[in-house]
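Descriptive structure summary
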Amino acid sequence: PKLFISFLDKIDKKLSSYIFKWSPGKILDVLIAIPCLAFSYFGFPLWIIVYIIIMQSYLYALCVLVSIVVTQIMKRCIKRSRPKVSDLGERWFYLGFEDVSTEHSFPSGDTSQAAVFSVTLGYSISEYYFLGLVCVVPFVALGRIYFGRHYI
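Residues numbered from 1 in each chain as written. Predicted model: local features only at pLDDT ≥ 70, side-chain atom pairs only at ≥ 80, totals over all residues. Heavy atoms only, no water.

1. Here we look at the side chain of threonine 111
Basically, it comes down to this: Runs of E in the DSSP output that reach at least two residues are strands. Runs of H or I that reach at least four are helices, and both are numbered from the N terminus. Here a polar contact means two N or O atoms within 3.5 Å. Within protein one must be a hydrogen donor candidate and the other an acceptor candidate, and residues neighboring in sequence count only if both atoms are side-chain atoms. Two residues form a contact once any of their heavy atoms are found within 4.5 Å.
Along the polypeptide, threonine 111 turns up in helix α5 (residues 109–125). Separated by 2.9 Å, the side chains of threonine 111 and serine 108 make a polar contact. Discounting residues that sit within four places of it in the chain, threonine 111 has contacts with Val137, Val140, Ala141 and Arg144.

Below you can see the structure in the form of structure tokens.
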């Protein structure tokens, strides 16, 4: 199993390097950053407040709490290091101010927050929550990789 994991790690880092080196310009940097920031540790507290006010329910807050605990436990067990900023292509800005609480990259807390938001909102509003998963979560995940916070 160790040889297999090493093989997967090598492929993962190779594939991630293509996204790291991609430099589409300032406008796309901003567009890619928006979903990342919306579900970062800066953005999700606002979603909690909005959800509580509109839905008059603490369901999302509870789900976020569980997600944070599970994600942090997994990060500390898996201990996958973050990519180096030096591996990234030219960026207009970097999201280096976030994730100061851990040097571990897997699993992505921000991507899990986007999934929790999509599922919780979908559960509360409509049975079509999978549309949120399909539309929101991949963009958050791509942004986290693009800004060098995670590997694929």
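Having seen the model, we can carry on.
2. Some points on helix α3 (residues 44–55)
In plain terms, the rule: The span you would expect from a helix comes to 1.5 Å times its residue count less one. Burial classification: accessible surface area is computed with a 1.4 Å probe over protein chains only, and a residue below 20% of its type maximum counts as buried, one above 50% as exposed, and the rest as partly exposed. In this context, the arc is that of the directions from the helix axis out to the C-beta atoms.
When the terminal C-alpha atoms of α3 are compared, their 16 Å separation across 12 residues agrees well with the 16 Å that a helix rising 1.5 Å per residue should span. Taken residue by residue, α3 has Phe44, Ile48 and Tyr51 as its buried positions. Taken end-on, α3 shows its buried residues confined to a sector of 70°, consistent with a single buried face. In α3, the exposed positions that point more than 90 degrees away from the buried face belong to Leu46, Ile53 and Ile54. The inward-facing, buried residues of α3 abut α2 (26–38), α4 (59–78) and α5.

3. Quick notes on the nonpolar core
Here is the rule: Throughout this description, the term nonpolar core refers to a set of buried Ala, Val, Leu, Ile, Met, Phe, Trp, Tyr and Cys residues connected via side-chain atoms within 4.5 Å.
One finds Ala38, Phe39, Phe44, Ile48, Tyr51, Tyr60, Val64, Ala114, Val116, Phe117, Val137 and Val140 forming the largest nonpolar core, which totals 12 residues. If you list the elements that add at least two residues to this core, you get α3, α4, α5 and α7 (137–146). Ile19, Phe20, Ile32 and Tyr146 belong to the second-largest nonpolar core, a separate cluster that totals nine residues.

4. Focus on the environment of isoleucine 68
Residue position: isoleucine 68 is located in helix α4. Isoleucine 68 sits in the partly exposed class, given a relative accessible area of 23%. When the C-alpha atoms of isoleucine 68 and aspartate 110 are compared, they prove to be 9.4 Å apart, with 42 residues separating the residues in sequence.

5. Details of a nonpolar patch on the surface
Spelled out, the test is: Any residue with relative accessible area above 30% and no salt bridge may belong to a patch, with like charges joined within 9 Å and the nonpolar Val, Leu, Ile, Met, Phe, Trp and Tyr side chains within 5 Å. Accessibility throughout is a Shrake-Rupley quantity obtained with a 1.4 Å probe, and a residue counts as covered only by protein chains that appear here. For this document, the term salt bridge refers to a Lys or Arg side-chain nitrogen within 4 Å of an Asp or Glu carboxyl oxygen.
Where nonpolar side chains cluster on the molecular surface, the patch consists of Leu62, Leu65, Val66, Val69, Val70, Ile73, Met74, Ile78 and Phe106 and spans about 780 Å² of accessible area. Along the chain, the position of methionine 74 falls in helix α4.

6. Topic: the packing of α4 against α5
Condition: For helices, the fitted axis covers only the stretch in contact; all axes are lines through C-alpha atoms, and the angles between them, taken along N-to-C directions, range from 0 to 180 degrees. Should an angle lie under 35 degrees it is considered roughly parallel, over 145 roughly antiparallel, and from 65 to 115 roughly perpendicular; all remaining angles are considered oblique. In a left-handed crossing the near helix is turned counterclockwise from the far helix by less than a right angle, and in a right-handed crossing that turn is clockwise. Nonpolar residues are Ala, Val, Leu, Ile, Met, Phe, Trp, Tyr, Cys and Pro. Charged residues are Asp, Glu, Lys and Arg, and all others, Gly as well, are polar.
Running from amino to carboxyl end, α4 crosses α5 at an angle of 150°, the nearest separation of the two axes being 10 Å. Classified by the angle their axes make, α4 and α5 are roughly antiparallel. The two elements α4 and α5 cross, and the hand of that crossing is right-handed. Contacts between α4 and α5 pair Leu59, Tyr60, Cys63, Val64, Ser67, Ile68, Thr71 and Lys75 from the former with Gly109, Ser112, Gln113, Val116, Phe117, Thr120, Tyr123 and Ser124 from the latter. Tallied by class, residues from the contact of α4 with α5 come to eight nonpolar, seven polar and one charged.

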